[in-house]
Amino acid sequence: MKSLILIGLLAAAPAAALPASSVLMSENAEERAFQERYGYADAVIAGDTVYLSGVVAGVAPGEATMVPAYERAFARLEKILIRASVTWADVVEITSFHTDVKTQLDAMATVKNRHIKAPFPAWTAIGVSRLLPDTGITEIKLIARKPPTAK
């Protein structure tokens, strides 16, 4: 009987909460309210690994190319990396979700290559039918590793 009670208590125990310092919420009040509504963060730091949520690139009215959309997205990603105490050199994986991979890949690579130099991280580009918001063309998520600290 004791073992059944112990198993029941273990099954009911909540998962360990992440320390608040390891969860980076948006500094923008409107974006933070959206994150809180749907339950996600800009980034989560787990040990020496930093997981960034996807940032959506969208073309603004009047823009003739997709490059400014990617510049805005990469600027936002960079701000999150800095808040997490990592740099573009620490990025180990990029996953991008494109509404039209063939027409978007070159513009994204142009901007990406301004930020990321060799040795390059892993990169997977995936085609999707749509993104949120509806004006989104590509969503970009990153994983970075914190560099080892000097002893």
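Right above here is the structure, for reference.
This one's a predicted model, so the numbers in the text were calculated from it and none came from an experiment.

About the thresholds
Residues numbered from 1 in each chain as written. Predicted model: local features only at pLDDT ≥ 70, side-chain atom pairs only at ≥ 80, totals over all residues. Heavy atoms only, no water. Phe/Tyr/Trp six-rings, centres within 6.5 Å; stacked < 30°, edge-to-face > 60°. Helix = DSSP H or I, 4+ residues; strand = E, 2+ residues; numbered from the N terminus. Buried < 20%, exposed > 50% of the residue type's maximum accessible area, 1.4 Å probe, protein only. Axes fitted to C-alpha atoms, helices over the stretch in contact; angles between N-to-C directions. Parallel < 35°, antiparallel > 145°, perpendicular 65-115°, else oblique. Left-handed = near helix turned anticlockwise from the far one by under 90°. Contact = heavy atoms within 4.5 Å. Core = buried A, V, L, I, M, F, W, Y, C linked by side-chain atoms within 4.5 Å. Pairing = 2+ DSSP bridges. Right-handed = clockwise from strand over helix to strand, strands pointing away. Salt bridge = Lys/Arg side-chain N within 4 Å of Asp/Glu carboxyl O.

Undergrad: Account for the packing of aromatic side chains, with residues named and values stated.
TA: One pass over the full model with this rule turns up three aromatic pairs. Measuring from ring centre to ring centre gives 4.8 Å for Phe34 and Tyr38, while their planes differ by 50°; the resulting arrangement is tilted. Of the two residues, Phe34 and Tyr38 are both situated in helix α2 (residues 29–38); the distance of four residues between them amounts to about one turn of the helix. On the basis of relative accessibility, which here comes to 43%, the residue Phe34 falls in the partly exposed class. Members of the aromatic cluster, each reached through a chain of ring pairs, are Phe34, Tyr38 and Tyr40.

Undergrad: Break down the packing of helix α3 (residues 67–83) against helix α4 (residues 101–115) for me, with residues and values.
TA: One way to put it is that α3 packs onto α4 with a least axis distance of 9 Å and a crossing angle of 40°. Classified by the angle their axes make, α3 and α4 are oblique. In the packing of α3 onto α4, the handedness of the crossing is right-handed. For the pair α3 and α4, the contacting residues are Val67, Tyr70, Glu71, Phe74 and Glu78 in the first and Gln104, Ala107, Met108, Val111, Lys112, Arg114 and His115 in the second.

Undergrad: Describe the environment of Glu78, naming the residues involved and giving the relevant values.
TA: With respect to the secondary-structure elements, Glu78 resides in helix α3. Residues Glu78 and His115, spaced 37 residues apart in sequence, show a C-alpha to C-alpha distance of 8.8 Å. When residues no more than four places from it in sequence are discounted, the contact partners of Glu78 are Trp88 and His115.

Undergrad: Hey, could you go over the nonpolar core for me, with residue numbers and the actual values?
TA: Grouped together as the largest cluster of nonpolar side chains are 27 residues, with contacts concentrated most on Val50, Leu52, Tyr70, Leu81, Trp88, Ile140 and Leu142. Looking at this core, the elements that each hand over two or more residues are β2 (43–46), β3 (49–58), α3, β4 (91–98), α4 and β6 (136–145).

Undergrad: Quick one: what's the story with unusual backbone geometry, residue by residue and with numbers?
TA: A cis amide bond, omega 0°, links Ala118 with the succeeding residue Pro119. Positionally, Pro119 belongs in the loop between α4 and β5 (122–127). Across the junction of Leu132 and Pro133, the peptide omega takes the value 0°, indicating a cis bond. As for its placement among the helices and strands, Pro133 is situated in the loop between β5 and β6. With a phi angle near 65°, Ser85 is a residue other than glycine that sits in the positive phi range. Position of Ser85 among the secondary structure elements: in the loop between α3 and β4.

Undergrad: Run through the pairing of β4, naming residues and quoting values.
TA: In terms of strand pairing, β4 meets β6 through seven bridges, oriented antiparallel. The residue of β6 that forms the bridge with Val91 is Ala144. Bridging between β4 and β5 involves six bridges; their strand directions are parallel. Bridging from a neighbouring strand, Glu93 pairs with Ala122 of β5. Remark: the β4/α4/β5 crossover connection has right-handed handedness.

Undergrad: Help me get a handle on the pattern of salt bridges, residues and values and all.
TA: In total, this model carries nine salt bridges according to the counting rule given. The closest approach of N and O atoms between Arg83 and Glu27, which form a salt bridge, is 3.6 Å. Residue Arg83 is located in helix α3, and its partner Glu27 is located in the loop between β1 (23–24) and α2; the two are separated by 56 residues in the primary sequence. Between Arg83 and Asp42 there is a salt bridge, with the nearest N and O atoms lying 3.1 Å from each other. With Arg83 in helix α3 and Asp42 in the loop between α2 and β2, the pair connects residues that are 41 residues apart, well separated along the chain. Looking at Asp42, the relative accessible area reads 5%, which means it is buried. Connected through salt bridges with shared partners, the residues Glu27, Glu31, Asp42, Arg76 and Arg83 form a single ionic network.

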